[in-house]
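As a plain string of letters, each chain reads:
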Amino acid sequence: MDEGTHATDRKLVRVGVADVAVSGNGAALATSGLGSCVAIALYDTSGTGVGGLLHAMLPAAPDQPENAAKYVDTGLDQLVEQLAAAGGNTNELTAKFAGGSSMLNIGTGGGIGAKNVSATEAGLADRDIDVTGSDTGGGSGRSIRFHPNTGEFVVERVDNQTLTL
Amino acid sequence: MRVDLHALGTFSRTGNAGASHAADSLSALTGEEVHVDATQTNFVPASNFDDIGTSDPHRIAIAFSGGLDGRAVLVFDEASAHHTLDALGDVEATAYLQELANVMTSSYVDGFADYLGTTIDITPPAQMADGEPILGPDDSIDECGFLFESDLQFTGTPYGCSFYMTPSPDSFLSIVRSEDPDAEGVGVDELATFIQLTAAGADTVGENITQLTGIETDITISYLDFVPVENVPTVLDDGQYIGAAFEFTGPPDGFLTVFFDEAGADTIADALLPEGTTDESMRESAISELGNITASGFIDGWANALDTTIDISTPGYFRDLGRAVLDSIAAELGTSQEFAYVFDATIEGETDIGCRVCAFPEEGGLKTALTDVDADLDVSTIERL
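As the structure is a computational prediction, the values presented were derived from the model and not from experiment.

Here we look at the overall build of chain A
- When its secondary structure is counted, chain A shows 2 helices and 11 strands.
- Order of helices (α) and strands (β) in chain A, N terminus to C terminus: β-β-β-β-β-β-α-β-α-β-β-β-β.
- Each of the three principal axes of chain A carries a C-alpha extent, and together these read 45 × 40 × 25 Å.
- For chain A, buried positions account for 56% of its 165 residues.
- For chain A, long-range pairs separated by at least 24 residues make up 60% of all intrachain contacts whose partners lie at least 6 apart in sequence.
- Of the charged side chains in chain A, 10 are positive and 19 negative, and the gap between their average positions amounts to 8 Å.

Now the structure itself:
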């Protein structure tokens, strides 16, 4: 299983596809090239400054997945575990997320983007985690920069369109 | 000869881990954050090996032997070499880059040694001569050979380095050879034939671009990337592209994408449309139509070689982050397979035009196709648009 990335004294940590990272020292977390995948940020609102970012590709994992972060359900579990390990209060988590677009305009696919969004909403509700911002669907790609110490979640699209959640 | 796909997959993931260890080493030595931007297992035609990694000035080679034989090459462009040496302080450039290569190669091959349950020894690093190919001097490749490539980047900067590992063909194939006829495997010769078909398709695409636009195309590089599906987006850099996506239905089923950089797309639209056309929808149509012809040039070659029909969807135009398009394809593929086969071709022109074509056949259909294709096929006899 991928153990994910732990930010130490870094200013910016990249999160790849099917990857998860946590930060507790002010380092921002970033992921780019988000299409039908979802980027889910969780952060502790009790003042520890601990937060994390998951870039998940598919809604639900098979039994014993090789990489938990590839899936929304097991990726959320992994992210919460890593937040706890980093000193975050997992009873005080808040979520923001983005992605789940439908980019392949060729009449194909089973709507994976929409399924990822549904899985994210269900997974967060199951864990009693409040969602305070989201930017999902549509037909364009996104890049994300998340600041765990403030909860600022910045979504960039092509042509420098920026949305801050 | 057949390759055991499970062994190849494990090698690919070991390469991922090795690249991550090499990035950690570079980070520790320079004190800067380094991440793995891309890592791939490539199956490359022999003729393309001479074109890979030869253009940059700082290239250090380290041979390795033992459980696996071959050569690792670390490549810096000039600006990245300066950035790295600045991070290291006042040191003698060549010697320090060689030391970096030494540490990074050790980090990288240790993972393979662990996987193989043996040891791998490395030689002292050596600066490579201008134009010297990345393939070791004692290695030769008949048709296609394996190449592990990782691109490392100093996070938040445009600087980085590429790390290539070319295992000696005999040494590598002795590890990934499939002895069990019932094991999940693919034929190396048949894979090579498919890559030759891809290369011929790329040539056809180049000819079509020239015919339609009058722009001469002069470089084509074609190979197969074998990557975990989650690594599919890293086949491309993180820039914005204009192009078209297609779904094809055979077997094999799959997806195909045609990417132009923005300048290239402008050049093509200008060449295809009456002078002064600014109507964005017409420019989109022009790019989509060229994408259509490009997709047909690729897929028809496969269909004809397999003596079958492969239908292609209408083009889905995009102007977006290339990796976001590939992210969506990765998710589609990921619903049914762990690894992706990416037939990847680059076509460049004498003017500012760069075209990248990537075909993503689904695994089951590709395996069937590899069973059906004639390993001794003369691809020049295959008719295509």
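Structure shown, so let's carry the discussion forward.
Some details on the overall build of chain B
- The helix and strand inventory of chain B stands at 10 helices and 16 strands.
- Expected size for 385 residues packed as a compact globule is a radius of gyration near 21 Å; at 21 Å, chain B falls within 12% of this value.
- Across its three principal directions, the C-alpha atoms of chain B cover 55 × 55 × 35 Å.
- The 385 residues of chain B split such that 58% are buried.
- In chain B, the share of contacts with a sequence separation of at least 24, taken over all contacts with a separation of at least 6, comes to 78%.
- A total accessible area of about 14,500 Å² is found for chain B, and carbon and sulfur atoms account for 44% of it.
- Side chains of chain B carry 11 positive and 70 negative charges; the gap between the two charge centres is 3 Å.

Description of the nonpolar core
- Within the largest apolar cluster, 87 residues are counted, with the highest numbers of intra-cluster contacts made by Phe43(B), Phe194(B), Leu256(B), Trp302(B) and Phe343(B).
- Setting aside its immediate chain neighbours within four residues, Phe194(B) contacts Trp302(B), Leu306(B), Phe343(B), Leu366(B), Ala369(B), Leu370(B) and Val373(B).

Examining the confidence of the model for chain A
- Looking at chain A as a whole, the pLDDT averages 90, with 91% of positions reaching at least 70.
- Long-range and interchain partners of residues 1–9 of chain A, a stretch whose pLDDT sits below 50, account for 29 contacts in this model, where long-range means more than four residues apart.

Focus: the sheet that holds strand S10 (residues 152–156) of chain A
Residue and element names in this part refer to chain A.
- One open sheet holds the 5 strands; their spatial order is S2-S4-S9-S10-S11, and the pairing between them is mixed. The sheet terminates laterally at strand S2 (12–14) and strand S11 (162–164), the two strands that pair on one side only. Strand-to-strand twist in this sheet, taken as the mean axis angle between neighbours without regard to direction, amounts to 20°.
- In terms of strand pairing, strand S9 (residues 142–147) meets S10 through 5 bridges, oriented antiparallel. Each residue of the ladder has a partner; that of histidine 147, found in S10, is glutamate 152.

Focus: the interface of chain A and chain B
- Chain A puts 32 residues into the contact, and the matching count from chain B is 32 residues.
- Roughly 2,500 Å² of surface becomes buried between chain A and chain B when both sides are summed, with 59% attributable to carbon and sulfur atoms.
- Summed over the shared surface of chain A and chain B, the result is 3 salt bridges.
- For the salt bridge of Arg13(B) with Glu66(A), the shortest nitrogen-to-oxygen distance reads 2.9 Å.

Comments concerning the packing of helix H1 (residues 5–30) of chain B against helix H4 (residues 93–116) of chain B
All names here are of chain B.
- Here H1 crosses H4 at 150°, and the two axes come no closer than 8 Å. Classified by the angle between their axes, H1 and H4 sit roughly antiparallel to one another. Handedness of the crossing formed by H1 with H4: right-handed. Between H1 and H4, the residues in contact are Ala7, Thr10, Phe11, Thr14, Gly15, Gly18, Ala19, His21, Ala22, Ser25, Leu26 and Leu29 and Leu100, Val103, Met104, Ser107, Tyr108, Gly111, Phe112, Tyr115 and Leu116, respectively.
- Here the contact of H1 with H4 is composed, by residue class, of 13 nonpolar, 8 polar and no charged.

Things to note about the pattern of salt bridges
Residues and elements named next belong to chain B.
- Under the definition given, this model contains 15 salt bridges over all chains.
- Linking glutamate 230 and arginine 13 is a salt bridge whose minimum nitrogen-to-oxygen distance equals 3.4 Å. Placement of glutamate 230 in the loop between strand S10 (217–228) and strand S11 (240–249) and of arginine 13 in helix H1 is noted, with a sequence separation of 217 residues between them.
- With a closest N to O distance of 3.6 Å, arginine 319 and glutamate 262 form a salt bridge.

Regarding unusual backbone geometry
- Across the junction of Pro251(B) and Pro252(B), the peptide omega takes the value 0°, indicating a cis bond.
- Turning to its location among the elements, Pro252(B) is positioned in the loop between S11 and strand S12 (254–261).
- The phi torsion at Ala18(A) lies on the positive side, around 60°, for a residue other than glycine.
- Here Ala18(A) lies in the loop between S2 and strand S3 (19–23).

A word on helix H3 (residues 78–88) of chain B
All names here are of chain B.
- For H3, the set of buried residues is Ser80, Ala81, His83, Thr84, Leu85 and Leu88.
- Among the structural elements, H1, strand S3 (58–66), strand S4 (70–76), H4, strand S7 (144–154) and strand S8 (160–167) are those in contact with the buried residues of H3.
- Glycine 89 sits one or two residues past H3 and shows a positive phi near 100°.

The rules behind each value
Residues numbered from 1 in each chain as written. Chains lettered and ligands numbered in written order. Predicted model: local features only at pLDDT ≥ 70, side-chain atom pairs only at ≥ 80, totals over all residues. Heavy atoms only, no water. Helix = DSSP H or I, 4+ residues; strand = E, 2+ residues; numbered from the N terminus. Buried < 20%, exposed > 50% of the residue type's maximum accessible area, 1.4 Å probe, protein only. Contact = heavy atoms within 4.5 Å. Lys, Arg positive; Asp, Glu negative; His and termini not counted. Charge placed at Lys NZ, Arg CZ, Asp CG, Glu CD. Rg over C-alpha atoms; globule rule 2.2 N^0.38 Å. Areas by Shrake-Rupley, 256 points an atom, 1.4 Å probe, with all protein chains shown as cover. Core = buried A, V, L, I, M, F, W, Y, C linked by side-chain atoms within 4.5 Å. pLDDT = per-residue confidence, 0-100. Pairing = 2+ DSSP bridges. Axes fitted to C-alpha atoms, helices over the stretch in contact; angles between N-to-C directions. Buried area = accessible area lost by both parts, 1.4 Å probe. Salt bridge = Lys/Arg side-chain N within 4 Å of Asp/Glu carboxyl O. Parallel < 35°, antiparallel > 145°, perpendicular 65-115°, else oblique. Left-handed = near helix turned anticlockwise from the far one by under 90°. Nonpolar A, V, L, I, M, F, W, Y, C, P; charged D, E, K, R; others polar.

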